[in-house]
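# Analysis of the macromolecular model
Here is what each chain is made of, one letter per residue.
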Amino acid sequence: MILILSSVTDTHAILVQKELQNNGNETKIFDLRKFSNGLLLDYQIGENPIRQFIEGDGSNIDFTNITSVWFRRPRYPLISHRVLEIEDRRFGDMEWINAIDGMLSLDMKCVNSLQYQQAAIKPKQLEIARNCGLTVPETLITNNS
């Protein structure tokens with residue numbers, strides 16, 4: 001199975017999913033924000049390892065069935081509004097990112113894994129390309145009308 005980490009309303013992910021399915025691939029679009037609303041994660045290391053997401057309806061996604069993961073704009077779980085300290089919220093965010101990225105990259109191919117997405121920041125890419133002597137088109141990034 002190809003696991004697509006995105007929102008179920010992501011048009012791009014839906015179109016790619018349909019094409020993958022037309023080519024005979026089993027796929028699932030999965031929104032990690034479900035962890036904020038009761039989705040469970042079981043990850044056990046040992047003699048009988050368990051790696052799975054358990055959804056609210058009791059169905060699960062067993063990691064042993066996942067052949068590859070596409071990190072397509074994943075939306076990470078939201079830290080509870082009851083956690084007030086900014087450093088505690090950052091810690092919680094990083095724990096989710098590390099847990100999810102680590103588990104999903106163990107024995108499967110990952111497309112756009114998080115560690116590589118950090119380098120995929122357009123302004124940074126354009127500046128590096130320009131500094132290396134590549135031709136870069138005039139670019140404007142603004143929220144100023």
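Here, every reference points to the structure presented above.
Residues numbered from 1 in each chain as written. Predicted model: local features only at pLDDT ≥ 70, side-chain atom pairs only at ≥ 80, totals over all residues. Heavy atoms only, no water.

## Let's talk about the pairing of strand β6 (residues 68-71)
- Residue alternation in β6 divides its side chains into two sets, Ser68 and Trp70 and Val69 and Phe71, and both sets are buried.
- Summarising the sheet, strand β1 (residues 2-5) and β6 pair through 4 bridges and their orientation is parallel. Bridge pairing links Leu5 to Phe71 in β6. (Buried < 20%, exposed > 50% of the residue type's maximum accessible area, 1.4 Å probe, protein only. Helix = DSSP H or I, 4+ residues; strand = E, 2+ residues; numbered from the N terminus. Pairing = 2+ DSSP bridges.)

## Quick look at the pattern of salt bridges
- Summed over all chains, the structure comprises 4 salt bridges.
- Between Asp10 and Arg72 there is a salt bridge whose closest N-O contact spans 2.9 Å. Pair noted here: Asp10 is in the loop between β1 and α1 (11-22) and Arg72 is in the loop between β6 and α2 (86-104), with a separation of 62 residues, a long-range link. The same class applies to Asp10 as to Arg72, namely buried. (Salt bridge = Lys/Arg side-chain N within 4 Å of Asp/Glu carboxyl O.)

## A few points about the sheet that holds strand β3 (residues 40-44)
- Read across the sheet, 3 strands follow the order β3-β4-β5 without closing on themselves; strand pairing throughout is antiparallel. Each edge of the open sheet carries a strand with a single partner, namely β3 and β5 (60-62). Sheet twist, expressed as the average angle between the axes of neighbouring strands with direction ignored, equals 15°.
- Judged from the 3 bridges that link them, strand β4 (residues 50-54) and β5 form a sheet pairing that is antiparallel. Opposite Gln52, over in β5, you have Asp62 as the bridge partner. (Axes fitted to C-alpha atoms, helices over the stretch in contact; angles between N-to-C directions.)

## Section: the packing of aromatic side chains
- Scanning all chains against the criterion turns up 2 aromatic pairs.
- Centroid distance Phe30 to Phe53: 4.8 Å. Interplanar angle 5°. Geometry classified as stacked. Here the residue Phe30 occupies a position in strand β2 (residues 27-30), and Phe53 occupies one in strand β4, the gap between them amounting to 23 residues. Summarising the burial analysis for this pair, Phe30 and Phe53 share the class buried.
- Look at Phe53 and Phe63: their rings are 5.0 Å apart centre to centre, the planes differ by 70°, and that puts the pair in the edge-to-face class. Of the two residues, Phe53 is situated in strand β4 and Phe63 in the loop between β5 and β6; the sequence distance between them amounts to 10 residues. (Phe/Tyr/Trp six-rings, centres within 6.5 Å; stacked < 30°, edge-to-face > 60°.)

## Remarks on the sheet that holds β2
- Across the sheet, 4 strands lie side by side as β2-β1-β6-β7; this open sheet has parallel pairing. At either margin of the open sheet sits one strand with a lone partner, and together these are β2 and β7 (109-111). Ignoring strand direction, the axes of neighbouring strands in this sheet form an average angle of 20°.
- Helix-sheet contacts for α1 involve β1, β2 and β6, and the interaxial angle to β2 is about 165°.
- Sheet strands touched by α2: β1, β6 and β7. Its angle to β6, the strand with the most contacts, is close to 145°. (Contact = heavy atoms within 4.5 Å.)

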